[in-house]
Amino acid sequence: MHFIKLNTVLSEADRYLSRNLTRIFTCCLISILLYYRFAVTISDVSRIFSSTLPILARALKPFIVFYNRVDTRKSLPKEYMATKNLRCTIDCTEVFIQLPSNLKLQAATWSDYKHHNTIKCLVGITPQGSICYVSEFFGGRTSDRVTVTQSKFLDFINPGDQVLADRGFQIREILLAKSSELLLPPAAKGATQMTKSQVEKTKTVANVRIHVERVIRRIKHFRILSQIFPVSLLPHANDILLVCAAITNMHGPIVKSWADWCQKWFCILGQVSHKR
């Protein structure tokens, strides 16, 4: 019994050592490649990165636009017709970080959901699938409700707007205070079986809400957000997130009906320009 426990501990230690050695080896290779290609040291790369990133974030910030309800409704996909006042769909996402040496920071970033130290942000998308809002990063310990209230998301919500979210977002009364509505999947409330209308509503909400998860996956395609985030880069985390979100918005539309509409008009514009 003791041998099995010791073997398990050793195997976990070996895996941890292997991951760190791989990371160190990768960093060494990058440093060598940069040295031979551009004749710069890793300290020069760090300095250039730190000075350029805020400029890049300011330049790309206009690519994240929170459209008003009128503009959103003009190009509303068919699957959203049942929720014509829907302004955006929101969800939180977490990024794993290295274990901070500061004990207070360890406690603030510990996520009971992920069982790891994380940083957390709020992401909002339009019905068309474009990112309309990204908050600053919060500690992984922060609840979804606090993330919404402490970010500037509520400043963009107007009376009559509808916001779609998961059941974990306990913000209904906050939105009611702004004369807006929170759309959530219907809860069973202890019933043995959901009614037909509840099943249909759950299916409709699920089909619509899945897009925000797909957009978040696109954001996390960037290696810097998909791997364990270095503690040394935490001061730049918000700018990194903003740049990744803005570049994600430059990709093709994620909602199929909206993508088809864009493709059709791009073809028409291409034919017109070709004739000229």
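Residues numbered from 1 in each chain as written. Predicted model: local features only at pLDDT ≥ 70, side-chain atom pairs only at ≥ 80, totals over all residues. Heavy atoms only, no water.

In this structure, what is going on with the overall build of the protein chain? I would like to understand it.
Secondary structure summary: the protein chain contains ten helices and seven strands in total. Of all 276 residues assigned to the protein chain, the portion counted as buried reaches 34%. Partitioning the contacts of the protein chain with sequence separation of at least 6, the portion at a separation of at least 24 is 62%. Carbon together with sulfur atoms contributes 60% to the accessible area of the protein chain, which is approximately 17,500 Å² in total. (Helix = DSSP H or I, 4+ residues; strand = E, 2+ residues; numbered from the N terminus. Buried < 20%, exposed > 50% of the residue type's maximum accessible area, 1.4 Å probe, protein only. Contact = heavy atoms within 4.5 Å. Areas by Shrake-Rupley, 256 points an atom, 1.4 Å probe, with all protein chains shown as cover.)

What exactly am I supposed to notice about helix α2 (residues 42–60) here?
One turn of the α-helix equals 3.6 residues, which is why residues spaced by three or four share an orientation. When the terminal C-alpha atoms of α2 are compared, their 26 Å separation across 19 residues agrees well with the 27 Å that a helix rising 1.5 Å per residue should span. Where α2 bends most, the angle comes to about 30 degrees, and this point is Thr52, followed within four residues by the proline Pro54. Those residues of α2 lying buried are Leu53, Ala57 and Leu60. Buried residues belonging to α2 abut α9 (237–249). (Expected span 1.5 Å × (residues − 1). Bend = angle between axes of the 7 residues up to and from the residue.)

How do you make sense of the packing of aromatic side chains when you look at a structure like this?
In this description, an aromatic ring pair is defined by two values, namely the gap between the centres and the angle between the planes. Under the counting rule described, the total for this entry stands at four aromatic pairs. Three or more aromatic residues link up through ring pairs in this structure, and these residues are Phe66, Tyr133, Phe153 and Phe156. (Phe/Tyr/Trp six-rings, centres within 6.5 Å; stacked < 30°, edge-to-face > 60°.)

Just checking my understanding: could you explain the nonpolar core for this structure?
In globular proteins that are soluble, nonpolar side chains generally tend to be buried together. Ile131, Val134, Ile219, Leu225 and Phe229 are the most contacted members of the largest nonpolar core, which has 29 residues in total. Residue assignment for this core shows that the elements contributing at least two residues are α2, β3 (116–125), β4 (131–134), α7 (196–219) and α9. If one sorts the elements of this core by residue count, α9 sits on top with eight residues. Excluding residues within four positions of it along the chain, Leu225 makes contact with Val95, Ile219, Ile240, Leu241 and Cys244. (Core = buried A, V, L, I, M, F, W, Y, C linked by side-chain atoms within 4.5 Å.)

Any chance you could explain unusual backbone geometry here in plain terms?
If a residue is not glycine, its phi is most likely negative; likewise, a peptide bond is most likely trans. Here the phi dihedral of His115 falls at roughly 55 degrees; this positive angle occurs in a residue that is not glycine. Within the fold, His115 resides in the loop between β2 (110–111) and β3. Residue His115 is classed as exposed on the basis of its relative accessible area, which comes to 59%. For Ser179, which is not glycine, the phi dihedral falls at a positive 60 degrees.

Looking at this structure, how should I read the environment of Tyr67?
Positionally, Tyr67 belongs in the loop between α2 and α3 (69–74). The partly exposed category is assigned to Tyr67, whose relative accessible area is 39%. A C-alpha to C-alpha distance of 9.3 Å links Tyr67 and Cys88, two positions 21 residues apart in sequence. The contacts of Tyr67, once residues within four sequence positions are left out, are Thr72, Arg87, Thr126 and Ser130.

Just to check I follow, could you spell out the pattern of salt bridges for this structure?
Pairing between side chains becomes possible if they bear opposite charge and their charged atoms approach one another. Within the structure shown, the criterion is met by five salt bridges. A salt bridge links Asp44 to Arg47; the shortest N-O distance between them is 3.0 Å. Of this pair, Asp44 and Arg47 are both found in helix α2, three residues apart, which corresponds to roughly one turn of the helix. Residues Asp161 and Arg87 are paired through a salt bridge, measuring 2.7 Å at the closest nitrogen-oxygen approach. With Asp161 in the loop between α5 (144–150) and β6 (162–164) and Arg87 in strand β1 (residues 86–96), this pair connects stretches of sequence that are 74 residues apart. With respect to class, Asp161 is no different from Arg87; both count as buried. Through salt bridges with shared partners, one network takes in Arg69, Arg87 and Asp161. (Salt bridge = Lys/Arg side-chain N within 4 Å of Asp/Glu carboxyl O.)

Can you help me understand the pairing of β4 in this one?
Sheet topology places β3 next to β4; three bridges connect them, and they run antiparallel. Across the sheet, Gly124 pairs through a bridge with Tyr133, a residue of β4. Counting the residues that bridge the hairpin from β3 to β4 gives five residues, and of these Gly129 lies at a positive phi of roughly 100 degrees. (Pairing = 2+ DSSP bridges.)

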